[in-house]
Amino acid sequence: MQAHRFFLAAMFFCTLLLMAETKPIQWTHLTSKNGDLDTPNQGKEQTSSLVLDIDQDGLNDFVISERSAAPAVTWFQRQENGWKKFIVEDEPLHIEAGSDYHDIDGDGDLDILMGGDWQNNEIWWWENPYPDYDPQTGWNRYLVKNWGGNKHHDQLFGDFDGDFNMELAYWCQDDGDLYIADIPADPKTTQPWPAHFIYHFNKDSEMEQRGSYPDFKGNNEHEGMAQADIDGDGKMDLIAGGRWFRHLEGFQYAENIIDAGYTFSRAAAGQLVEGGRPEVILVVGDGLAPMIMYEWQERGQDQWKKGTGTWKAKVLLEKVDNGHSLQLLDFNGDGHLDIWNAEMRLFGGNPDACNRVLLGDGVGNFKELIISTGIANHESKIADLDGDGDFDILGKPYDWDAPRLDIWLQNGSGEIVTARAGSLKGDVGLQLYSLRFEFKKAGVAETIAKVKEMGIKSVEISSYYDLTPEAFKKMLRQNGLKSPAMLFDYQRFLDDIDGIVREARLFNAQYVGAAWIPHNSGRFTRAYLQKAIVDFNRIGETLRGKGLRFFYHLHGYEFASDDQGFYID
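Residues numbered from 1 in each chain as written. Predicted model: local features only at pLDDT ≥ 70, side-chain atom pairs only at ≥ 80, totals over all residues. Heavy atoms only, no water.

**Overview of helix α2 (residues 444-453)**
Each α-helix turn comprises 3.6 residues. Residues three or four places apart therefore point the same way.
Inference 1: By the burial criterion, the buried members of α2 are V444, T447, I448 and V451. Axial view of α2: buried residues confined to an arc of 95°, hence all on one face.
Inference 2: Positive backbone phi, approximately 85°, marks G455, located one or two places after α2. (Buried < 20%, exposed > 50% of the residue type's maximum accessible area, 1.4 Å probe, protein only. Helix = DSSP H or I, 4+ residues; strand = E, 2+ residues; numbered from the N terminus. Arc of directions from axis to C-beta.)

Here it is, written out as structure tokens:
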């Protein structure tokens, strides 16, 4: 069994102090210009990238697309001493920036999806051939869209309607439309996918925009996609084109304005100011404009004002030059979200292109950490590329010095501590069950406030202590707490797994576990364990299909033995 996150079980109220030695970061820069990496192909317009574990070895691989030559899509497998290039799409293909991945065909491995640029009206997905990979053999390609207008800058998978299944959201800029499509039951034979229009932008006029833009930007053109549960209703909301979209029913969504003057932007969302609604970051992808953080503020406490508010804009960087790479993450492991942003050198300009992290303090202040300057980054990614537990950077330009790849390894490559070896990386959370007596004695509000005072940011939930799930979530949010993991009764997994999924979605939990295997007191036998293995495998497969990880909370009785040996070794 592998533990993906550890929670502290405290016997008493105590203050938990984690003291970490701060060391200067040394970046090891690898580049195809020095022969450290292969180039994707010989084309000059590298459009998109993805970082994901393609071959299920616990190490991230990466994908690059290029739209002027063949092979149009390649993937790079992480190996002991570098990366090996494989072909995904062996033909030339006009692929736009913005792409995503998901287990589209439900076979347990991750597939990739990309959209056509201004030259075609198609979106495609490629079937991961796991475990049969050949460096010179492409993957099977299937159609998602082949109708309507051209240009699909940004696609995103998410459960936007709360039905516990992933949908695909995508832009079609030529039509001015935003679409959402269900993944068909058989996506290989259903080509194209039925899609539903949810929003249209008109090209007649636009608000005065936040910055200046290149000529290829259309009038009032929208782009950018992110997702977050903005209003705390348990559904992931879609953030796109300076707006966020709340699901109503069916394929009806309510448009909510964040900034109508910043529609042509990259987007990210997360709890940058702890407590309240998630914040939204918008930054220019192509052009010159500021980086802005938007914080939602309720209009007032009067009943008729509650639930309505204003997105207050705070400029974090006055001038960003083609800042086409944007992600939120806890870069330094202090429990606060940070912002990574990197600039392009579009058409050879911006010689001081900056690759930076803005280190957040959880209350809206940031300190800049410069990683590199002068090297272009377009649709680049920040992730653990070598499996040693820290964040590295996959860099690629769009046109500057292409074909080219760059990788910055944080403090070089250390011992592998990813999913294969286990890792205690990130914040330490509190198992709320440890405070079950305090909940009964002092009440929920006072106990949760104590957890906040202790400096805890993450908690594991196993009970709502006589509150509704919605009321308990509200109390956590008011105290700046998140719940990445939850425990449920064994029998409920068998009788009401949809209800478990619904509550996990409400709390944005990624890990869902069982805390006890039912058995006669003092007589835990191999038969109990064998039944649990069958149940757990079935439960785990179901939850994986819903985007959740299943785990079991060990106690001690499981480490029994009989004449066949130990039950768990």
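Alright, that's what it looks like, and here's the rest.
**A word on unusual backbone geometry**
Inference 1: In this model, A70 is joined to P71 through a cis peptide bond whose omega is -5°.
Inference 2: Position of P71 relative to the elements: it lies in the loop between β4 (61-66) and β5 (73-79).
Inference 3: A cis amide bond links Q191 with the next residue in sequence, P192, at an omega value of -5°.
Inference 4: Here P192 is to be found in the loop between β13 (177-182) and β14 (196-200).
Inference 5: Even without being a glycine, N350 presents a positive backbone phi close to 50°.
Inference 6: Position of N350 among the secondary structure elements: in the loop between β24 (338-342) and β25 (354-360).

**Notes on the packing of aromatic side chains**
Inference 1: Overall, the coordinates contain 29 aromatic pairs when judged by the stated rule.
Inference 2: Ring plane angle 25° and centroid distance 6.3 Å describe the contact between W27 and F331, whose orientation is recorded as stacked. On the criterion of sequence distance, the pair formed by W27 in strand β2 (residues 27-31) and F331 in the loop between β23 (325-329) and β24 is long-range, its members being 304 residues apart.
Inference 3: A relative accessible area of 6% means that F331 is categorised as buried.
Inference 4: Measuring from ring centre to ring centre gives 6.2 Å for F62 and W83, while their planes differ by 55°; the resulting arrangement is tilted. (Phe/Tyr/Trp six-rings, centres within 6.5 Å; stacked < 30°, edge-to-face > 60°.)

**Some remarks on the domain arrangement of the protein chain**
Inference 1: Under the domain assignment, the protein chain is made up of domain 1 (46-65 + 74-200) and domain 2 (429-566).
Inference 2: Counting residues at the interface gives 4 residues for domain 1 and 6 residues for domain 2.
Inference 3: For the pairing of domain 1 and domain 2, the buried interface totals around 500 Å² over both sides, and the portion due to carbon and sulfur atoms is 57%.
Inference 4: In this assembly, domain 1 and domain 2 are joined by 1 salt bridge.
Inference 5: Applying the counting rule to domain 1 against domain 2 returns 1 residue pair in polar contact (both at pLDDT 80 or more). (Domains from an automatic or database assignment. Contact = heavy atoms within 4.5 Å. Buried area = accessible area lost by both parts, 1.4 Å probe. Salt bridge = Lys/Arg side-chain N within 4 Å of Asp/Glu carboxyl O. Polar contact = N/O pair within 3.5 Å; in protein donor to acceptor, adjacent residues only side chain to side chain.)

**Comments concerning the sheet that holds β24**
Think of a sheet as strands paired side by side through backbone hydrogen bonds, with each pair either parallel or antiparallel.
Inference 1: Pairing in this open sheet of 4 strands is antiparallel, and the strands run β23-β24-β25-β26 from one edge to the other. The open sheet has two edge strands with one neighbour each: β23 and β26 (366-373). In this sheet, adjacent strand axes meet at a mean angle of 15° when their direction is disregarded. (Pairing = 2+ DSSP bridges. Axes fitted to C-alpha atoms, helices over the stretch in contact; angles between N-to-C directions.)

**Examining the pairing of strand β12 (residues 167-172)**
Inference 1: Most of β12 sits inside the fold, with 6 of its 6 residues counted as buried.
Inference 2: By the alternation rule, side chains of β12 split into E167, A169 and W171 and L168, Y170 and C172, which are all buried.
Inference 3: Relative to β12, strand β11 (residues 155-158) runs antiparallel, the two sharing 4 bridges. Note that in β12 the partner of L156 across the bridge is A169.

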